[in-house]
Amino acid sequence: MTGHLYGVGLGPGDPELITVKAARLVGSADVVVHHAARHGRSIARRIAAPHLREGQIEEALIYPVTTERTSDYRAVLEEFYERCAARLAEHLDAGRDVVVLCEGDPFFYGSYMHLHKRLSGRYPTTVVPGVTSVSAASAELGRPLVERDEVLTVLPGTLPPADLARRLAATDSAAVLKLGRTFGGVRAALDEAGRLDDAWYVERATTDGQRALPLAEVDPETVPYFSVAILPSRVHERTRRELPEPAAPGEGQGEVAIVGLGPAGREWLTPEAQDALATADDLVGYAPYLARVPANPRQERHASDNRVESERAEFALALAERGRRVAVVSSGDPGVFAMAAAVLEVAAEDRWKDVPVRVLPGLTAANAVASRIGAPLGHDYCVLSLSDRLKPWDVIASRLAAAAAADLVIAIYNPASKTRKEQVARARDVLLEHRSPDTPVVIGRDVGGPEESVRVVRLADLDADGVDMRTLLLVGSSRTTVAERGDGRTTVFTPRRYPS
């Protein structure tokens, strides 16, 4: 079994720009290979040094020539790569994994390519991309290369100046590499193309020796090979200048977004709701619900008690009137026994009629509990709250009786609280006047949370034990069925067909 050949890009020079994959492969390789000029120093090896380990075999590939001034430069280099490939093949044939270190990206003007073409057809090969000098220079300048439909042209400085000038005049953005002794010709080409004033020069990007300045100001005698000329995006510069002045805090268009958080964590949150929470200036809501939103120091958080909905709504509208983007958070769906109605009721007053208000739905508890047990809401159903804080018990009882008489599945919210336990039994007794004692009742508590529990009981056996404000009840109709699956799980469903 042969070894594996890896061409590993290390980025432009900053050791922190090595990818996690590159660092792992460098540290695990049997053989580490780097190129170097006759002085023996290797930028690639210096970048990789923190990840090397004792006992690794190192192969230094020393270039016989480093410029094209020799009479047969190409032939000399081709012979050199043949010899290098043969050296690495010996390691690969012996089953050793070989990592070839590459500054920048292996397939972007990299020496590794000459080994790849000789060895990749004979051995398993992986190429790990790296940050290129072009990307690094653009980042260090803080100037994007292309925007919208612009075209980026990458050119070697070794092209004849007339050819360079023609290509530079025809493109939107450009990067010219291999400068050094070619810099004079590159500068002349930029001047001829009418692009010299747009050009920037970056030397040894991301390293301690980095230098960046307008290309027209560069002394040709100071330019090393590891430098790049950049023509950045013209569209970006133009559109940046056309941007409106940013509004002062509180002077923008304010709004109130009433956001449904769903029954539990982030996985129950819609992308629309996530966006509203991320872009808000202020978060307003009942303290336990606000606690479910990760803290962001950019935002103001305004927690309150659960019994001051109107005051909370007016506070949110007042913030939006001052230009703030406000998210009023609500558990489950804000339109189901939650904050949407409270905010919209206050917003209907003349004072607030010009404040934008939108409602962002969330997964409500009835659907969450139903999904955990099957499809008990598969046919007609109604939704009721047992809380008598905002409506009297006789209204609740009459509605329970009507829904039971109509043979609807009933989703019951707010069945009990710390101070209100007796209503579960009272509701059961009302329902038993119209429903069989064997009617299935699904009791779902903290669905999606750490204390989630879902169980099924007979209507006749329903009591307040273990039932609180984090609990939802689903009372079946005459058609609701309990079934046992082959794996022992209980499912509850209400058929969509109804007997005629």
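To keep things clear, this report deals only with the structure shown in the data block.

Criteria and thresholds
Residues numbered from 1 in each chain as written. Predicted model: local features only at pLDDT ≥ 70, side-chain atom pairs only at ≥ 80, totals over all residues. Heavy atoms only, no water. Disulfide = S-S within 2.5 Å. Pairing = 2+ DSSP bridges. Helix = DSSP H or I, 4+ residues; strand = E, 2+ residues; numbered from the N terminus. Axes fitted to C-alpha atoms, helices over the stretch in contact; angles between N-to-C directions. Contact = heavy atoms within 4.5 Å. Parallel < 35°, antiparallel > 145°, perpendicular 65-115°, else oblique. Left-handed = near helix turned anticlockwise from the far one by under 90°.

## Comments concerning the state of the cysteines
Should the sulfur atoms of two cysteines be covalently bonded, the bond is a disulfide. For the structure shown, the criterion picks out zero disulfides. There is no disulfide at C84, and the cysteine sulfur nearest it, in C102, is 13 Å away.

## Focus on the sheet that holds strand β2 (residues 31-36)
Strand order across the open sheet formed by five strands is β3-β2-β4-β1-β5, with parallel pairing between neighbours. Edge positions in the sheet fall to β3 (57-62) and β5 (125-128), since each of these pairs with one other strand and no more. On average, each strand axis in the sheet is inclined to that of its neighbour by 20°, with strand direction left out of account. Running at roughly 170° to β3, helix α3 (residues 73-93) makes contact with β1 (5-9), β2, β3 and β4 (98-102) of the sheet. Of the strands in this sheet, β1, β2, β3, β4 and β5 touch helix α4 (residues 112-119), which is tilted by about 160° from β5.

## Focus on the sheet that holds strand β23 (residues 490-493)
If you walk across this open sheet you meet the three strands as β16-β23-β22, and the pairing is mixed. The sheet is open, and its two edges are formed by β16 (374-375) and β22 (481-484), each paired on a single side. Strand direction decides the pairing type here: β16 and β23, joined by two bridges, are parallel. Pairing of G374 across the sheet is with V492, part of β23.

## Here we look at the packing of α3 against α4
The relative placement of two packed helices comes down to the angle between their axes together with the axis-to-axis distance. In contact at an axis separation of 9 Å, α3 and α4 are set at 60° when each is read in the N-to-C sense. By the angle between their axes, α3 is oblique relative to α4. The interaxial crossing formed by α3 with α4 has right-handed handedness. Only H114, L115, R118 and L119 of α4 make contact with α3, whose side of the interface consists of R74, E78, Y81, E82, C84, A85, L88, A89 and L92.

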